[in-house]
Amino acid sequence: MAGLTSKVFDAIVVGAGGAHGSAALYHLAKRGAQVLGLEAQPSAPHDRGSSHGLTRIIRKCYFEHPSYVPLLHSSYQLWHELEAETGEKLLTLTGCVNTSAPGSQCGPGLACFEGSLLAAQQHNLEHEILSPAQVAQRFPAYRLPEGFQSLYEPGAGFLAPEKCIAAHLGQAQKSGAQLVCGAAVQRWAVEPPAGGSGSGSGSGGGLVRVETSQGTFQAKTLVLAAGGWMPALVPELQPLLTVERQVVGWFEVAPEQRDAFHPSRCPVFLLQDPQGNYFYGFPADEHGFKVGKYHHLREKVTPDGVPRDISPQDEEALRQCLQYFPGAQGGRLTRAAVCLFTNTPDLNFILDRHPRHPQVVLSSACSGHGFKFSSVVGSVLADLALNEQGTTPHDISLHRLSGQRIGASYEREKLPSALRAAASQRGAMSLKSAYLFLYNTTLSLAWGYVLFLTYQTSQAGGGLQDVWQAVELPLKVAQTAAVMEVVHSAVGLVRSPVAITATQVASRLFILWGVVDLVPATRASPLVLLRLPLGGGGGALQLSLVTLLTAWCCSEVIRYSFFAFKELGMQPYVLLWLRYTAFLILYPLGVGSELAMVALALPTIRANRPLSIQLPNAANFGFDYYWACWLAVLAYLPGFPQLYFYMLAQRRKARPLQSRLIGIPMGDMDGEDLYSDFGPPVGLAEEEELRAGASGSGGSGVEPMAAEAALDLYADLLDGGGEGGTLLKTQVAELSDRVQRQEAQIAALQQQVEALTEENGQLSERCAALTSNISCLFNTAKLELARKDEAIKELRERVSAIRARPPGPPRPSSAPAAGQQVQQAQQAELLQQPAEAQQQAVPGLEGMAAGDRMSQQSGAGRAADGRRLSSGTARTGGIERSGMLMSVAGTSGLQLSGMHKSGMALAGHGRSGAGMSEAGGTAAASVTGRSGGGTRAAAAAAGMSGGMAAASVMSGEASGIGRAGGGRRVLSGTAAAAAAAMAADVICDRL
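Residues numbered from 1 in each chain as written. Predicted model: local features only at pLDDT ≥ 70, side-chain atom pairs only at ≥ 80, totals over all residues. Heavy atoms only, no water.

- As annotated in an unreviewed UniProt entry, the protein carries the name very-long-chain (3R)-3-hydroxyacyl-CoA dehydratase and is attributed to Chlorella sorokiniana.
- Quoted straight from UniProt, the Subcellular location (unreviewed entry) entry for the protein says "Membrane".
- Checking UniProt for the protein, the heading Pathway (unreviewed entry) contains the comment "Lipid metabolism; fatty acid biosynthesis." (UniProt positions renumbered as here; feature names shortened; annotations may be inferred.)

Here's what the structure looks like:
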């Protein structure tokens, strides 16, 4: 311990035994930081906080807010990576049923089903919509009443919290992290920077010193992730955090229903009943069917004083859920656990740096739904701790400690001290705000008075001239006063483009002074557009001075009232809704009435040419007011549709937002609105856009005054005032970094696309070349096969011809040459030897020369010792190559050795060979084999004048054989012919 207290760590994590703390320790250590984890409990993981109880739901169809989904994508990925590193099964997928009773709503957000569906649709998540009957059919444990709406998410499941924390801590320690349990933090402080002075408060500062029950430790950065103990560790957060007692229980399942509650058939669930109670649960395990009720009995506690015993009220609250699961409805409570919820008013997290100490990172207030995020939250905390600017690639704008976040939930006097000073800087209303408030209030009342006079006169039966006389003065005052809006834009009192503002104000003044006041005909009669057969006398669709005044007065009352309340820090929702809804009618009515006034005035202007300058004159300048009016009319043609459809797009701001105030992302704001006589004015500032979104948030549960306080504070912070301004500037830098990273990613993706496109082209070329080569090879193979088929066919025809050829007359032998006489003498000598000597002389035939001629002799004779030789057979030492040549060599297999004329020569060892000769009309077949340990060769030939066949068979096995005197078998002429035919068949089969 002494070594740890004397060391300066890169980071210290307080609450390392919890979900977020253990994950932060893991990610910091994995990035190479020297990190120390401190846990107040004697062991980690433990059951004293918020991260125990065997199971925690994980899901992506997040009804709380769709902006959680990107974090969940990262969370799933990191859980799988941790599983791969440890080999532990941490995440089990079962699916999740998100179901709601009709009209139910969970807290300040949407109903469970509606919110889940919104997230699934916005982020294209896999889901199914199921009826109660479909739920019961697929998941037999469920029995939902008719009318319940259910969304099934197959990718959901549950985590094992104790195993997850142990895995994070184990891997952190393998990466070099130190963990000290039983080290309760007593106080922490930021030391003054080296060489500086002061208390160390403010945006700067030196090391962070942490005093614990185990000693004092120092680090460059401190991560506070102490869950329910955060209010004590960070007093500035006490107004924002509430610690709540939460109870979960396991109920026994009926034996016959256990299969229905198995994880393979029973998904986790989130269920809202008609009373608004929100239950959650898991498939049965060895302890039973686990259920919980969100915000249980709503007991506010302290983490060290929470009651851990289970009361009958606890069990009764949990049993309310079992009516939807009959298989466990009568089961006894087998186990229960007490944990803590640390809630913020908007039920989101707190993930940010301390407002005054950038060395201190805050992570708390999971609000009962944070465990599933702990893997990615650990990465976020590591980013905030190690990055100098406190930025992270993850979008945590929903969880930052910004002015809009804090003020949205608490009055100014309840703001944390770090931001209360920034809020108090506004003090009383500034002179600028007071002037704008008076200006907008006066004009709103003036236009309201004109509207009152218009309808009072009309209801009294007055005509258009009477209406004009009644409203002329206040109308001219109110409309001419709009010139001040140009002045406000020019001097910077409001953020509006001067040119656009001047153009719009001039168009109003043109209609008032240049048309209605100039030409009495415009206020004498209406412009009839369409006569309608209504009633007895009929009716007409007409535009007149009254319709013009109605459109002008209504739009201006709404607009100026909106600005007046803005300066008071208020924004009634009805005004916002009217601004973005009333224009649907008022804008076409106003534009149509203005054009009607011009149309009524044009004949008079054409006849009288008022305000025109005729030529010639001293200035040599001419101006025709009549044509100027026509140019003004033509300007309406492109301007009206463009502005009207733009306003339709902007109208979404007035719809009740399906999110809480804190959920409004900055990127949803479209910037400044265009000025319109019958719609929003030019130059709504960014804080006004936020204010519009805040007042339009449906079901947020935030009081309007509190929301306005938040947005006023946010406006001050945007101006850079106070320490909060520094905080917001950091957030702006974070957003800029994120944009730059995204642009870099887009550029990299574009390069990859180009590379893949080029590679695809190369592959296409290669494929084309390979296709061409394959085609060529295929064609070549077809030609080769065709040639072989022709050769085989030709050979078969030749063999058939040979076999079908009738025997011819014996071939006349030529005069024996000297060599033949020698051979005859050798044969006579052989016949005179005993049979054993003859058998030994037979292998000598293997050495017969290929050029030796076989002598043909006819007739049958008998040797002196009584042995019988085949008819027309003589044994010689060689075979004549007049037809088929054969050599018995040591070559293995059937081998083609040569061609002579139209015959063939074959060689073989241990196999059969056959040959034929057309030239001499002789066919010969030779068969060699093995007998005993040696090779025996026998040959026989029969001379026939038309292709007589001869054959020799090894080991003397053949049919139609005559026997010699010593039992020796020699083929007869007929058997030799049959053997030759068999040899020819073998050749054809081999080919």
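**Overview of the overall build of the protein**
Step number 1: On a plain count of helices and strands, the protein comes out with 26 helices and 32 strands.
Step number 2: Relative to all contacts within the protein whose residues are 6 or more apart in sequence, the contacts with residues 24 or more apart total 71%.
Step number 3: Of the roughly 45400 Å² of accessible surface on the protein, 56% is carried by carbon and sulfur atoms. (Helix = DSSP H or I, 4+ residues; strand = E, 2+ residues; numbered from the N terminus. Contact = heavy atoms within 4.5 Å. Areas by Shrake-Rupley, 256 points an atom, 1.4 Å probe, with all protein chains shown as cover.)

**Structural notes on the packing of helix α14 (residues 464–480) against helix α16 (residues 498–516)**
Step number 1: Where α14 contacts α16, the two axes come as close as 11 Å, and the packing angle between them is 145 degrees. Taken as a pair, α14 and α16 cross one another with a handedness that is left-handed. Contacts between α14 and α16 pair W468, L475, K476, Q479 and T480 from the former with R508, L509, L512, W513 and V516 from the latter.
Step number 2: A class-by-class count of the residues in the contact of α14 with α16 yields six nonpolar, two polar and two charged. (Axes fitted to C-alpha atoms, helices over the stretch in contact; angles between N-to-C directions. Left-handed = near helix turned anticlockwise from the far one by under 90°. Nonpolar A, V, L, I, M, F, W, Y, C, P; charged D, E, K, R; others polar.)

**A word on unusual backbone geometry**
Step number 1: In this structure, P45 follows A44 across a cis peptide bond, with omega equal to 0 degrees.
Step number 2: Mapped onto the elements of the fold, P45 is located in the loop between β2 (35–39) and β3 (56–58).
Step number 3: Going from L615 to P616, the amide bond is cis rather than trans, its omega being -5 degrees.
Step number 4: Following the sequence through the fold, P616 ends up in the loop between α19 (583–608) and α20 (625–650).
Step number 5: Located in the positive-phi region is L347, a residue other than glycine, with phi close to 65 degrees.
Step number 6: For L347, the position within the fold is in the loop between β18 (333–343) and β19 (350–353).
Step number 7: Under the relative-accessibility criterion, L347 is labelled buried at 19%. (Buried < 20%, exposed > 50% of the residue type's maximum accessible area, 1.4 Å probe, protein only.)

**Some thoughts on the state of the cysteines**
Put plainly, a disulfide is one covalent bond tying together the sulfur atoms of two cysteines.
Step number 1: Applying the stated criterion across every chain yields a total of zero disulfides.
Step number 2: Its sulfur unpaired, C554 is 6.9 Å from the next cysteine sulfur, which belongs to C553. (Disulfide = S-S within 2.5 Å.)

**Focus: the environment of P239**
Step number 1: Following the sequence through the fold, P239 ends up in the loop between α7 (230–233) and β13 (242–251).
Step number 2: Among the residues examined, P239 registers a relative accessible area of 29% and is labelled partly exposed.
Step number 3: When the C-alpha atoms of P239 and T344 are compared, they prove to be 9.1 Å apart, with 105 residues separating the residues in sequence.

**Brief notes about the packing of aromatic side chains**
Step number 1: Here the structure, examined in full by the defined rule, presents 25 aromatic pairs.
Step number 2: With 5.0 Å between their ring centres and 45 degrees between their planes, Y62 and Y68 make a pair best called tilted. Grouping residues by exposure puts Y62 and Y68 together as buried.
Step number 3: Between Y439 and Y560 the ring centres are 6.1 Å apart and the planes differ by 80 degrees, which places this aromatic pair in the edge-to-face class. Of this pair, Y439 sits in helix α13 (residues 431–459) while Y560 sits in helix α17 (residues 545–567), and the two are 121 residues apart along the sequence.
Step number 4: Linked through ring pairs, F139, Y142, Y152, F261, F269, F289 and F325 together constitute an aromatic cluster.
Step number 5: The ring of Y76 carries the charged tip of K60 above its face, separated from the ring centre by 4.6 Å.
Step number 6: In this structure, R508 is placed above the aromatic ring of W552, and the distance from its NZ or CZ to the ring centre is 4.7 Å. (Phe/Tyr/Trp six-rings, centres within 6.5 Å; stacked < 30°, edge-to-face > 60°. Lys NZ or Arg CZ within 6 Å of the ring centre and 35° of its normal.)

**Things to note about the nonpolar core**
Step number 1: Counting residues in hydrophobic clusters, the biggest one holds 48 residues, and the most contacted among them are L475 and I511.
Step number 2: Elements represented by at least two residues in this core include exactly α13, α14, α16, α17, α18 (573–579), α19 and α20. (Core = buried A, V, L, I, M, F, W, Y, C linked by side-chain atoms within 4.5 Å.)

**Focus: helix α10 (residues 374–386)**
Step number 1: For α10, spanning 13 residues, the distance from its first C-alpha to its last is 18 Å, which sits close to the expected 18 Å at 1.5 Å a residue.
Step number 2: Of the positions making up α10, those classed as buried are S374, S375, V376, V377, G378, S379, V380, L381, A382, D383, L384 and A385.
Step number 3: Where α10 is buried, its residues contact α2 (19–30), α3 (69–86), α6 (161–174), β12 (215–224), β19 and β20 (360–364). (Expected span 1.5 Å × (residues − 1).)

**Digging into the environment of K432**
Step number 1: By the element assignment, K432 lies in helix α13.
Step number 2: Sequence separation of K432 and V494 is 62 residues, and the distance between their C-alpha atoms is 9.8 Å.

**Looking at the side chain of T522**
Step number 1: Assignment of secondary structure puts T522 in the loop between α16 and β21 (527–532).
Step number 2: A relative accessible area of 0% places T522 in the buried class.
Step number 3: Of note is the side chain of T522, whose polar atom sits 2.7 Å from the backbone oxygen of V519.
Step number 4: Excluding residues within four positions of it along the chain, T522 makes contact with V515, V516, M597, L600 and A601. (Polar contact = N/O pair within 3.5 Å; in protein donor to acceptor, adjacent residues only side chain to side chain.)

**Brief notes about the sheet that holds strand β8 (residues 157–159)**
Step number 1: Taken in spatial order, the three strands of this open sheet run β3-β8-β4, and their pairing is antiparallel. Each edge of the open sheet carries a strand with a single partner, namely β3 and β4 (91–93). Looking at each pair of strands side by side, their axes are set apart by 30 degrees on average, direction ignored.
Step number 2: Of the pairings in the sheet, the one linking β4 to β8 comprises three bridges and is antiparallel in character. Note on β8: the bridge partner recorded for L91 is L159.
Step number 3: This element, α3, spans β3, β4 and β8 of the sheet and lies at about 120 degrees to β4. (Pairing = 2+ DSSP bridges.)

**Some points on the UniProt feature "transmembrane region" (unreviewed entry) in the protein**
Step number 1: UniProt tags residues 583–605 and 625–646 as "transmembrane region" (unreviewed entry).
Step number 2: Between the first and last C-alpha atoms of residues 583–605 the distance is 31 Å; the span itself is 100% helix and 0% strand.

**Considering α6**
Step number 1: End to end, α6 covers 20 Å across 14 residues, agreeing with the expected 20 Å (1.5 Å per residue, within 8%).
Step number 2: Among the residues of α6, those classed as buried are P161, C164, I165, A167, H168, L169, Q171 and A172.
Step number 3: For α6, the elements touching its buried residues are α2, β3, α3, β8, β9 (178–181) and α10.

**Description of the side chain of H168**
Step number 1: The topology assignment puts H168 in helix α6.
Step number 2: Judged by its relative accessible area of 3%, H168 is buried.

**Details of a nonpolar patch on the surface**
Step number 1: On the surface, a cluster of nonpolar side chains totalling about 320 Å² of accessible area is made up of Y435, M484, V487 and V491.
Step number 2: Per-element accounting of the nonpolar patch gives the leading share, three residues, to helix α15 (residues 483–491).
Step number 3: Mapped onto the elements, Y435 comes out in helix α13.
Step number 4: We classify Y435 as partly exposed; its relative accessible area is 33%. (Patch = residues over 30% accessible without salt bridge, like charges linked within 9 Å, V, L, I, M, F, W, Y side chains within 5 Å. Salt bridge = Lys/Arg side-chain N within 4 Å of Asp/Glu carboxyl O.)

**A short note on the pattern of salt bridges**
Where charged atoms from two side chains of opposite charge come close, those side chains can pair.
Step number 1: Under the criterion given, the structure shown has 23 salt bridges.
Step number 2: A salt bridge links R400 to D352, with the shortest nitrogen-to-oxygen separation between them at 2.6 Å. Residue R400 is located in the loop between α10 and α11 (403–407), and its partner D352 is located in strand β19; the two are separated by 48 residues in the primary sequence. With respect to burial, R400 and D352 carry one shared label: buried.
Step number 3: Between R609 and D624 there is a salt bridge, with the nearest N and O atoms lying 2.8 Å from each other. Placement of the pair is R609 in the loop between α19 and α20 and D624 in the loop between α19 and α20, with a sequence separation of 15 residues.
Step number 4: Accessibility expressed as a relative area gives 28% for R609, which makes it partly exposed.
Step number 5: Counted as one network, the salt bridges with shared partners bring together R187, E191, R209 and E211.

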